[in-house]
Amino acid sequence: MAAQAAGPQVDGVALTVLLFFFVVVTIGGFLAAKWRRPASMHSLDEWGLGGRGFGTVITWFLLGGDLYTAYTFVAVPAAMYATGAVSGFFAVPYTIVVYPLIFIFMPRMWSVAHRHGYVTPADFVRGRFGSRGLALAVAITGLLATMPYIALQLVGIQAVLDTVGLGGSGNWFVKDLPLFIAFAVLAAYTYSSGLRAPALIAFVKDSLIYLVIVVAIIYVGVKIGFGDMFRAAETKMNTKTKTGAATGVFIPNSKTYWAYSSLALGSALALFMYPHSMTAVLAGRSRNVIRRNAAILPLYSLMLGLLALLGFAAIAAKTKVIGADGKPNAQLAVPHFFADSFPSWFAGVAFAAIAIGALVPAAIMSIAAANLFTRNIYREFFRPAATPREEARVSKIVSLVVKFGALLFVLSLDKQNAINFQLLGGVWILQTIVAIVSGLYTRWFHRWALLGGWAAGMIYGTLAAYHQKSAATAHFGGSLARFPFTQTTVYIGFTALVLNLVVSVVLTGILVAVRAPAGADETSPADFYSDSQGPTTTVPGTAGGLAEPA
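K.L.:
Residue-level account of unusual backbone geometry, with values.
P.N.:
Unusually for a residue other than glycine, Arg52 sits at a positive phi of about 50 degrees. By the element assignment, Arg52 lies in the loop between α2 (44–47) and α3 (56–67). At Lys318, a position not held by glycine, the phi torsion is positive, near 55 degrees. Along the polypeptide, Lys318 turns up in the loop between α15 (298–316) and α16 (333–341). Overall, the relative accessible area of 66% leaves Lys318 in the exposed class.

K.L.:
Talk me through the packing of α3 against helix α13 (residues 275–282); I want residue IDs and the actual numbers.
P.N.:
The N-to-C vectors of α3 and α13 enclose an angle of 175 degrees; their axes lie 10 Å apart at closest approach. Regarding the angle of α3 to α13, the classification is roughly antiparallel. Each of Thr59, Leu62, Leu63, Asp66 and Leu67 in α3 lies in contact with α13, whose residues at this interface are His276, Ser277, Ala280 and Val281. Classifying every residue of the contact of α3 with α13 by side-chain character gives 5 nonpolar, 3 polar and 1 charged.

K.L.:
Before we move on, can you summarise the pattern of salt bridges with the specific residues and values?
P.N.:
Using the criterion set out here, one finds 13 salt bridges in the structure. A salt bridge links Asp521 to Arg443; the nearest nitrogen and oxygen atoms lie 4.0 Å apart. Of this pair, Asp521 sits in the loop between α22 (492–513) and β3 (536–538) while Arg443 sits in the loop between α20 (433–439) and α21 (447–466), placing them 78 residues apart in sequence. A relative accessible area of 29% means that Asp521 is categorised as partly exposed.

Criteria and cut-off values
Along each chain, the written sequence defines residue order, and numbers are assigned to residues from 1. Given that the model is predicted, a residue must reach a pLDDT of at least 70 before its local features are reported, and side-chain atom pairs must reach 80 or more before they are shown or counted; all residues, however, enter totals for whole chains, interfaces and linings. Hydrogens and water molecules were not included; the side-chain quantities draw on all heavy atoms of the structure. Numbering goes from the N terminus for both helices and strands, where a helix is a DSSP run of H or I of at least four residues and a strand is a run of E of at least two. The classification of residues rests on relative accessible area computed with a 1.4 Å probe and restricted to protein chains. Under 20% of the type maximum is buried, over 50% is exposed, and intermediate values are partly exposed. Note on method: axes are straight lines fitted to C-alpha atoms, helices fitted across the in-contact stretch only, with angles between N-to-C directions ranging 0 to 180 degrees. An angle counts as roughly parallel when it lies under 35 degrees, as roughly antiparallel when it exceeds 145, as roughly perpendicular when it falls between 65 and 115, and as oblique in every other case. Here, residues are in contact when the closest pair of their heavy atoms is within 4.5 Å. All residues other than Ala, Val, Leu, Ile, Met, Phe, Trp, Tyr, Cys, Pro, Asp, Glu, Lys and Arg, Gly among them, are scored as polar; the first ten of these are nonpolar and the last four charged. The rule for a salt bridge is simple: a side-chain nitrogen of Lys or Arg has to be within 4 Å of a carboxyl oxygen of Asp or Glu.

Here it is, written out as structure tokens:
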């Protein structure tokens, strides 16, 4: 059995296995540049969307690698280990709820984006509502929400490095050097291969994850027993803290129903508003590819449910979560569980799955963020006549900046603060849903009203999150708060969305009544059902006045 890496001792076998898989995916990342290589990679369609040609299987792995990140594999069971079902298991129902939703509206987004050459959700908003300001708001929100999400992929890698014994050095450079190397390599093959790199690597990542989870659940059933596991978890959650409150929630009770359900629903609505989720969807080959994936992606939810239970298994196994720095860290629950319970070589496989599970989404997120900046800030406001080659070059450079910005973000902040900012990012990105999803079905909302609703939701959500305290931080300590004028605790993002929608409806009524200019719509009803690309790729906001070869 592998010794738990609570100190500086390095587990050589686990580290060797981890390095082996890292080398494999690195080679795969660079070779991906030659996979389905077109005549030119110098466009966002090719570099940023993989040529818009991924089929059902590739898209399934890409979306799975994109949505089920290293942070998911570390944080969900960690939340189960620390505080139980409300903060941990809600992730399972929300990933179940989300797929019927995307089955309905994502094929429409794919069609109109494919028809007009839209690369980002802000492109669509610009073209649909004729509003540079609203598109800029959507783009900035996407960038703000994505940056801490990329940073948190490092939390998963840090947990792995800590467990194999590389996190105990007192020298910050030595301790963080593996992270710098991993992200430098990631930056290099993403720069050269674009979206094709994470698409290819996702095959390795997801195969490892499924293998590890199946073996782990069999182990739990045989060695621990599910009954003993649940009893141990219930005992811990019901144990009183120094303040007299329960440690956590084993099964949500009536007092937590609204918190649990609004957190699940709000998270489900937000998930595919993230730029990286949209990027993976727009890379699909057809509308039917998106529909098929909405039908088969729940297989990942089954895997996520089993993964979440590993947090309870770590409780039953009496796993210690003291890091190499001597401080307790619940994020170490799963890595230390594997280090304690399995041979070193298999623990290394598990660590590789988590580490690669960080590299895949980090690559997609950085590409999506770079596309947002290039299309909706650089081109829109600085270089309207930028060529496809120039767009691709700028996006590549920005993707590098985003990666290393996220790296510095997580290294300069306490881990809990990094997590809190990611939770805040979920509140923010949810405020783009009114403009994006309503635009797929109606032009009734006025562009200025949507901008006002977005601003109201952003301001309320940020302030409400700022006032939440926790044992670890005085601000941004959680994503739950009382619904205004009630005693009911709900997800802050859900309340902000309700405010956003109310403001948008009221302002639209007023603006329509005074006949405020609505802005030009460059789409047509047939575009939302199209399964083919138009003869030209229209630059958003030009209404066909400026076009590039498709």
